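Breakdown of the fold
What follows is the residue order along each chain.
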Amino acid sequence: MRIETARRPRRPVSVTSLIDVIFLLLLFFMLTSTFAKFSEVEITGGRAGEAVAGKPPDIIVRLSETDWRVNGRPLTEADALVEIGRLEQAGAETAVILVRGDMTSQAMVGAIEAIRRGTGLSLSVAR
């Protein structure tokens, strides 16, 4: 024998408290997260219309995705930084960085920071 139970009508679920919880979580994560501070790298280039007959650079650094070349000599990154420091000690004041190949902007900025960290040269970037 089957006994029928009286069915109660379903009550709709209130989502008001769920919205409050989501808002509190959002507020918590926004206040506890840290925001990265981006540093600036100063890059100087030639001015438009500037005469080509200016003073040539003392050091030419050619960067590609595989190697560094300092004044035409292929070197590893560490050896290139040592060579650039040696040339600065010998009297070099300016350097030009030539970017070749599929080198990324991040790799170029890393190279500029490495050269600036170890020397006081005036750097320019050329493509």
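Everything discussed here concerns the structure shown above.
Being a predicted model, the structure only gives us computed values, none of them experimental. Residues take numbers from 1 onward in each chain, read along the sequence in its written order. Residues qualify for local features only when their pLDDT is at least 70, as the model is predicted, and side-chain atom pairs are given and counted only at 80 or more; totals for whole chains, interfaces and linings, by contrast, use all residues. By convention in this description, side-chain values take in all heavy atoms of the structure and omit both hydrogens and water.

To continue, consider the environment of Val-99. Working definition: helices are DSSP H or I runs of at least four residues, strands are E runs of at least two. Numbering for both runs from the N terminus. The topology assignment puts Val-99 in strand S4 (residues 94-99). Type-normalised accessible area, obtained with a 1.4 Å probe on protein chains alone, sets the label of each residue: buried when under 20%, exposed when over 50%, and partly exposed for intermediate values. Its relative accessible area of 7% is what places Val-99 among the buried residues. Placed 37 residues apart in sequence, Val-99 and Arg-62 show a C-alpha to C-alpha distance of 6.1 Å. Contacts are residue-level and defined by heavy atoms, with any inter-residue pair within 4.5 Å sufficient. In this view, Val-99 contacts Leu-63, Met-108, Val-125, Ala-126 and Arg-127; residues no more than four positions away in its chain are not counted.

A few words now on the sheet that holds strand S2 (residues 68-70). Here, a strand pair is defined by DSSP locating no fewer than two bridges between the strands. The five strands lie next to each other as S3-S2-S1-S4-S5, forming an open sheet whose pairing is mixed. Because the sheet does not close on itself, it has two edges, and the strands there are strand S3 (73-75) and strand S5 (122-126). Strand-to-strand twist of the sheet, defined as the mean angle between neighbouring strand axes without regard to direction, takes the value 25 degrees. Pairing geometry for strand S1 (residues 59-63) and S2, over three bridges, is antiparallel. Bridged to Leu-63 within S2 is Trp-68. Interaxial angles span 0 to 180 degrees and are taken between N-to-C directions of axes, which are lines fitted to C-alpha atoms, for helices over the stretch in contact. Contacts from helix H2 (residues 77-89) reach S1, S2 and S3, with the element oriented near 20 degrees to S2. Lying on the sheet, helix H3 (residues 105-118) is in contact with S1, S2, S4 and S5; it crosses S5 at an angle near 160 degrees.

With that out of the way, let us pick up unusual backbone geometry. For Asn-71, which is not glycine, the phi torsion reads 50 degrees and is therefore positive. Structurally, Asn-71 can be placed in the loop between S2 and S3. The class for Asn-71 is partly exposed, based on a relative accessible area of 41%.

Side-chain rings of Phe, Tyr and Trp (the six-membered ring for Trp) are treated as a pair once their centres are within 6.5 Å; stacked means planes under 30 degrees apart, edge-to-face means over 60, and tilted covers the remaining angles. This structure, assessed with the given rule, holds one aromatic pair. Note on Phe-28 and Phe-29: the rings are 5.4 Å apart at their centroids and 65 degrees apart in plane angle, and the pair reads as edge-to-face. Residue Phe-28 is classed as partly exposed on the basis of its relative accessible area of 48%.

This part covers a nonpolar patch on the surface. Exposure above 30% relative accessible area and the absence of a salt bridge qualify a residue for a patch, where like charges join within 9 Å and nonpolar side chains (Val, Leu, Ile, Met, Phe, Trp, Tyr) within 5 Å. Shrake-Rupley sampling with a 1.4 Å probe provides the accessible areas, and residues are treated as covered by the protein chains on show and by no other component. Salt bridges are identified by distance alone: a Lys or Arg side-chain nitrogen within 4 Å of an Asp or Glu carboxyl oxygen. A cluster of nonpolar residues, Val-13, Val-15, Leu-18, Ile-19 and Ile-22, forms a patch on the protein surface that exposes about 510 Å² of accessible area. Take Leu-18: it is sitting in helix H1 (residues 16-32). Leu-18 sits in the partly exposed class, given a relative accessible area of 48%.

Bringing the nonpolar core into the picture now. Residues belong to a common nonpolar core when they are buried Ala, Val, Leu, Ile, Met, Phe, Trp, Tyr or Cys residues joined through side-chain atoms within 4.5 Å. Ranked by internal contacts, the top residues of the largest apolar core, which has 20 residues, are Ile-59, Val-61, Leu-63, Trp-68, Val-70, Ile-84 and Ile-97. Those elements giving two or more residues to this core turn out to be S1, S2, H2, S4 and H3. In contact with Ile-97, not counting residues within four places along its chain, are Val-61, Leu-63, Ile-112, Ile-115, Leu-123, Ser-124, Val-125 and Ala-126.

When the C-alpha positions of Asn-71 and Glu-83 are compared, they lie 9.8 Å apart, and in sequence the two are 12 residues distant. Not counting the four nearest positions on each side in its chain, Asn-71 is found in contact with Asp-58, Ile-59, Ile-60 and Leu-87.

Keep in mind that these numbers describe shape and distance, not what the molecule does.
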